[in-house]
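Single-letter residue listing:
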Amino acid sequence: MPIEMGVWRLDEDKPRRLPFGHLPSEAELESFLEQDSSLLGQQLLVIGRQVRTSYNKWIDLLAMDSDGNLHLLELKRDRTPREVVAQILDYGLWATGLDREFIIDLANRHFQEIETNLEFEQAFSELFGAPAPDELNKDLAMTIVASGLDESSERIVTYLRGFGVPINAVFFSYLEDGERRYLARSWLASDAESSDQDSGRKVSKRAAWNGQDWFVTFSDDNARDWEDARRFGFVSAGGGQWYSRTLRSLPVGARVFVHVPKHGYVGVGETIGEAVPFSDAQVNVEGSWTPLADHDLTGKYQHVQGDPSTADEFSEYIVPVRWETTVPKSQAYWEKGMFANQNSAGKLRQKFTLDRLASHFNLEQE
């Protein structure tokens, strides 16, 4: 049934209901939501306002959550006819096909229009405190924003949600108390009522990979030392399969960008051998291959394990690298919005990070 919002003020222990006023114009409500998306109960990054679709229709607000999922917000003043449900579904069909490059370009144009000096990755990191995920627009949420919903529209929205369609409605009531004005919010359906059924959409929205570049997370701690890695030409990870598994997937000939947590990117080079346990590792120093264990190292590169049969599982794994350029941790390079990951290694897809690193380390772009 349609939802009604009421607010009462207590005067000398007597309730007095605040009168309803007329909602602000759609443009004003758009501005409120753009300024503070938490009005919806969730922090969102607005990446477009009055977004034009490919068939010349206009989405009121397009936003993104911390997981990189898109949110369509369609605002309708006063009571909402059921036609708006069909309208937002039409917009949703268009939005599901948006790829990462289009989304980032759209966001950057929006930030230019509102005269911010941020690019998408920087704005995302500033709001959510983490880099943008590698995959954008994996899921979609469609929200009708209104003061009320007619019974027919409510039945349609509820029916669609039962089949896993990510649609909901949020209601704003505008109340007045003397010179004070209030907005009260309620939802047609809570998140807990969302269907567990998969909508069936399996379209990948990951950034394209150039087939060459990888990141390596080098945890400079008691077990390993970045200056060892710079001097003798290697990267490493270990102490358990979770830590070494991704490093062991590095192919020979990969270009690796090394990131030291809490510092930044400290080097780039090319892998010249496969990952092997520390006890078997050899490095190329001045043209000669020698056992890494024979060198004077600061890091320990060994991990305690109880069962000798699990030595390989817990071993520190070494990948030899021919460095193109490296810097000490004190000169590490980092900008807000750049990519970082807790995995020991992985494909580096984020164009923002690759462009910044190529410029910083004076690399030729392919």
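This text gives an overview of the structure that appears in the document. Note that the coordinates shown come from a computational prediction; the quantities given were computed from them, not determined experimentally.

### Some points on the overall build of the protein
Link 1 in the chain: Each helix and strand counted, the protein has nine helices and 17 strands in total.
Link 2 in the chain: When each of the 366 residues of the protein is scored for burial, the buried share is 46%.
Link 3 in the chain: In the protein, 68% of the contacts between residues at least 6 apart in sequence involve partners at least 24 apart.
Link 4 in the chain: When the accessible surface of the protein is split by element, carbon and sulfur atoms take 46% of a total near 19300 Å².

### Some words on the side chain of Asp-177
Link 1 in the chain: One can find Asp-177 in strand β7 (residues 167-177).
Link 2 in the chain: By relative accessible area, which is 11% here, Asp-177 ends up buried.
Link 3 in the chain: Engagement of the side chain of Asp-177 in a polar contact is seen with the side chain of Arg-16, the distance being 3.1 Å.

### Considerations on the packing of helix α3 (residues 100-113) against helix α4 (residues 120-128)
Link 1 in the chain: One can describe the packing of α3 onto α4 by two numbers: an axis separation of 9 Å at closest approach and a directional angle of 80°. Judged by the inter-axis angle, α3 sits roughly perpendicular to α4. Contacts between α3 and α4 pair Ile-104, Ala-107, Asn-108 and Phe-111 from the former with Phe-120, Glu-121 and Ala-123 from the latter.
Link 2 in the chain: Classifying every residue of the contact of α3 with α4 by side-chain character gives five nonpolar, one polar and one charged.

### Considering the side chain of Thr-246
Link 1 in the chain: Mapped onto the elements, Thr-246 comes out in the loop between α7 (241-244) and β11 (255-260).
Link 2 in the chain: By relative accessible area, which is 9% here, Thr-246 ends up buried.
Link 3 in the chain: At a separation of 3.2 Å, a polar atom in the side chain of Thr-246 contacts the main-chain amide nitrogen of Ser-344.
Link 4 in the chain: Contact partners of Thr-246, with chain neighbours within four places excluded, come to Asn-343, Ser-344 and Ala-345.

### With respect to the packing of aromatic side chains
Link 1 in the chain: According to the stated counting rule, one finds twelve aromatic pairs in the structure shown.
Link 2 in the chain: Here the aromatic rings of Trp-209 and Trp-214 are separated by 5.6 Å at their centres, their planes lie at 85°, and the arrangement is edge-to-face.
Link 3 in the chain: Classification of Trp-214 as buried rests on a relative accessible area of 9%.
Link 4 in the chain: These aromatic residues form a ring-pair network of at least three members: Phe-120, Phe-124 and Phe-128.

### A closer look at the nonpolar core
Link 1 in the chain: Ile-47, Met-64, Leu-70, Leu-72, Phe-120, Ile-144 and Ile-167 are the most contacted members of the largest nonpolar core, which has 35 residues in total.
Link 2 in the chain: For this core, the element with the highest residue contribution is helix α2 (residues 83-96), accounting for six residues.
Link 3 in the chain: Apart from residues no more than four positions distant in its own chain, Leu-70 is found in contact with Ile-47, Leu-62, Ala-63, Met-64, Ala-95, Leu-98, Ile-103, Asn-137, Asp-139, Leu-140 and Ala-141.
Link 4 in the chain: The next biggest cluster of nonpolar side chains, apart from the first, holds 30 residues, and it includes Trp-226, Leu-250, Val-256 and Tyr-317.

### A word on the pairing of strand β10 (residues 234-238)
Link 1 in the chain: Among the five residues in β10, five count as buried, and that is most of the element.
Link 2 in the chain: The pairing of β10 with strand β16 (residues 316-326) spans five bridges and is antiparallel. Following the sheet pairing, Phe-234 is matched in β16 by Pro-320.

### Remarks on the pattern of salt bridges
It is possible for side chains bearing opposite charge to pair when their charged atoms get close.
Link 1 in the chain: This model, assessed by the stated rule, comprises 14 salt bridges.
Link 2 in the chain: Between Glu-119 and Arg-356 there is a salt bridge; the shortest N-O distance is 2.9 Å. Within this pair, whereas Glu-119 is found in the loop between α3 and α4, its partner Arg-356 is found in helix α9 (residues 351-360), the two being separated by 237 residues in sequence.
Link 3 in the chain: Taking the shortest distance from any N to any O, the salt bridge between Lys-336 and Glu-126 comes out at 3.9 Å. Of this pair, Lys-336 sits in the loop between β16 and β17 (345-347) while Glu-126 sits in helix α4, placing them 210 residues apart in sequence.

### A word on unusual backbone geometry
Link 1 in the chain: Phi is positive for Gln-50, which is not a glycine, with a value near 55°.
Link 2 in the chain: Turning to its location among the elements, Gln-50 is positioned in strand β3 (residues 45-52).
Link 3 in the chain: Residue Gln-50 is classed as partly exposed on the basis of its relative accessible area, which comes to 35%.
Link 4 in the chain: Positive phi, normally seen in glycine, also occurs at Glu-115, with a value near 60°.
Link 5 in the chain: With respect to the helices and strands, Glu-115 occurs in the loop between α3 and α4.
Link 6 in the chain: Under the relative-accessibility criterion, Glu-115 is labelled exposed at 71%.

So, how was this worked out
Residues numbered from 1 in each chain as written. Predicted model: local features only at pLDDT ≥ 70, side-chain atom pairs only at ≥ 80, totals over all residues. Heavy atoms only, no water. Helix = DSSP H or I, 4+ residues; strand = E, 2+ residues; numbered from the N terminus. Buried < 20%, exposed > 50% of the residue type's maximum accessible area, 1.4 Å probe, protein only. Contact = heavy atoms within 4.5 Å. Areas by Shrake-Rupley, 256 points an atom, 1.4 Å probe, with all protein chains shown as cover. Polar contact = N/O pair within 3.5 Å; in protein donor to acceptor, adjacent residues only side chain to side chain. Axes fitted to C-alpha atoms, helices over the stretch in contact; angles between N-to-C directions. Parallel < 35°, antiparallel > 145°, perpendicular 65-115°, else oblique. Nonpolar A, V, L, I, M, F, W, Y, C, P; charged D, E, K, R; others polar. Phe/Tyr/Trp six-rings, centres within 6.5 Å; stacked < 30°, edge-to-face > 60°. Core = buried A, V, L, I, M, F, W, Y, C linked by side-chain atoms within 4.5 Å. Pairing = 2+ DSSP bridges. Salt bridge = Lys/Arg side-chain N within 4 Å of Asp/Glu carboxyl O.

Interpretation note: all reported values are geometric properties and have no functional meaning in isolation.
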